Amino acid sequence: MGWLVLIASGALEAVWAVALSASRGLTRRRPTLLFLGAMTLSMAGLAYAMREIPTGTAYAVWVGIGATLTVLVGLAQGLERLTLARVLLLGLLVGCVVGLKVVS
């Protein structure tokens, strides 16, 4: 159960990162509220997952999932460019996250 919660929390990290950007410095109400809600749930899920998963592993997986999904959202919105280097590095990041799950 801890791994499922951790994956969902990583996805929520991407939600709050995108909402934080959309809030324009916490000056827009809806994105700010989404940021606060998603961040709270993301942190709570990370804390829950750390009851079963070692801290270093949980944090690295949480950040890896959040960072990867945040970049993918940026690509989908046309805010970031898709380059070969970016694809390779994201693939490496995802591979490392999977590797951490395998060795845990």
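For clarity, every value in this text was computed on a predicted model and none was experimentally measured.

Engineer: Looking at this structure, I do not really get the layout of surface pockets. What am I missing?
Structural biologist: Gaps left between atoms show up when a probe the size of a water molecule is rolled over them. Quantified by volume, the largest pocket comes out at close to 160 Å³. Every residue lining the largest pocket is listed: A17, V18, S21, A22, T70, V73, G74, Q77, L79 and E80. Those elements giving two or more residues to the lining of the largest pocket turn out to be α1 (2-22) and α3 (55-76). Of the residues assigned to the lining of the largest pocket, the class counts are five nonpolar, four polar and one charged.

Engineer: Is there a simple way to explain unusual backbone geometry in this structure?
Structural biologist: Negative phi characterises most residues that are not glycine, and trans characterises most peptide bonds. One non-glycine residue, R24, lies in positive phi territory at about 50 degrees. Secondary-structure assignment places R24 in the loop between α1 and α2 (29-49). Classification of R24 by relative accessible area gives exposed; the value is 61%. For L26, which is not glycine, the phi dihedral falls at a positive 65 degrees. Mapping L26 onto the fold places it in the loop between α1 and α2.

Engineer: Could you clarify how one ought to interpret the packing of α1 against α2 in this entry?
Structural biologist: Two numbers describe a pair of packed helices, the interaxial angle and the distance between the axes. Packing of α1 against α2 brings their axes to within 8 Å, and their N-to-C directions diverge by 155 degrees. As the angle between them shows, α1 and α2 are arranged roughly antiparallel. When you trace α1 past α2, the crossing you get is left-handed. Residues G2, V5, L6, S9, L12, E13, V15, W16, A19, L20 and A22 of α1 form the contact with α2, whose participating residues are P31, L34, F35, A38, M39, L41, S42, G45, L46, Y48 and A49. Partitioned by chemical class, the residues of the contact of α1 with α2 number 17 nonpolar, four polar and one charged.

Engineer: Looking at this structure, I do not really get a nonpolar patch on the surface. What am I missing?
Structural biologist: Judged by side-chain polarity, V94, V98, V102 and V103 come together as a nonpolar surface patch covering roughly 380 Å² of accessible area. Relative to the assigned elements, V94 resides in helix α4 (residues 84-103). The class of V94 is partly exposed, set by a relative accessible area of 39%.

Criteria and thresholds
Residues numbered from 1 in each chain as written. Predicted model: local features only at pLDDT ≥ 70, side-chain atom pairs only at ≥ 80, totals over all residues. Heavy atoms only, no water. 1 Å grid on protein atoms, 1.4 Å probe; cavity = no way out; pocket = protein on both sides within 12 Å on 5 of 7 lines; lining within 4 Å. Points joined across faces, edges and corners; volume = space filled by probe spheres on them. Helix = DSSP H or I, 4+ residues; strand = E, 2+ residues; numbered from the N terminus. Nonpolar A, V, L, I, M, F, W, Y, C, P; charged D, E, K, R; others polar. Buried < 20%, exposed > 50% of the residue type's maximum accessible area, 1.4 Å probe, protein only. Axes fitted to C-alpha atoms, helices over the stretch in contact; angles between N-to-C directions. Parallel < 35°, antiparallel > 145°, perpendicular 65-115°, else oblique. Left-handed = near helix turned anticlockwise from the far one by under 90°. Contact = heavy atoms within 4.5 Å. Patch = residues over 30% accessible without salt bridge, like charges linked within 9 Å, V, L, I, M, F, W, Y side chains within 5 Å. Areas by Shrake-Rupley, 256 points an atom, 1.4 Å probe, with all protein chains shown as cover. Salt bridge = Lys/Arg side-chain N within 4 Å of Asp/Glu carboxyl O.

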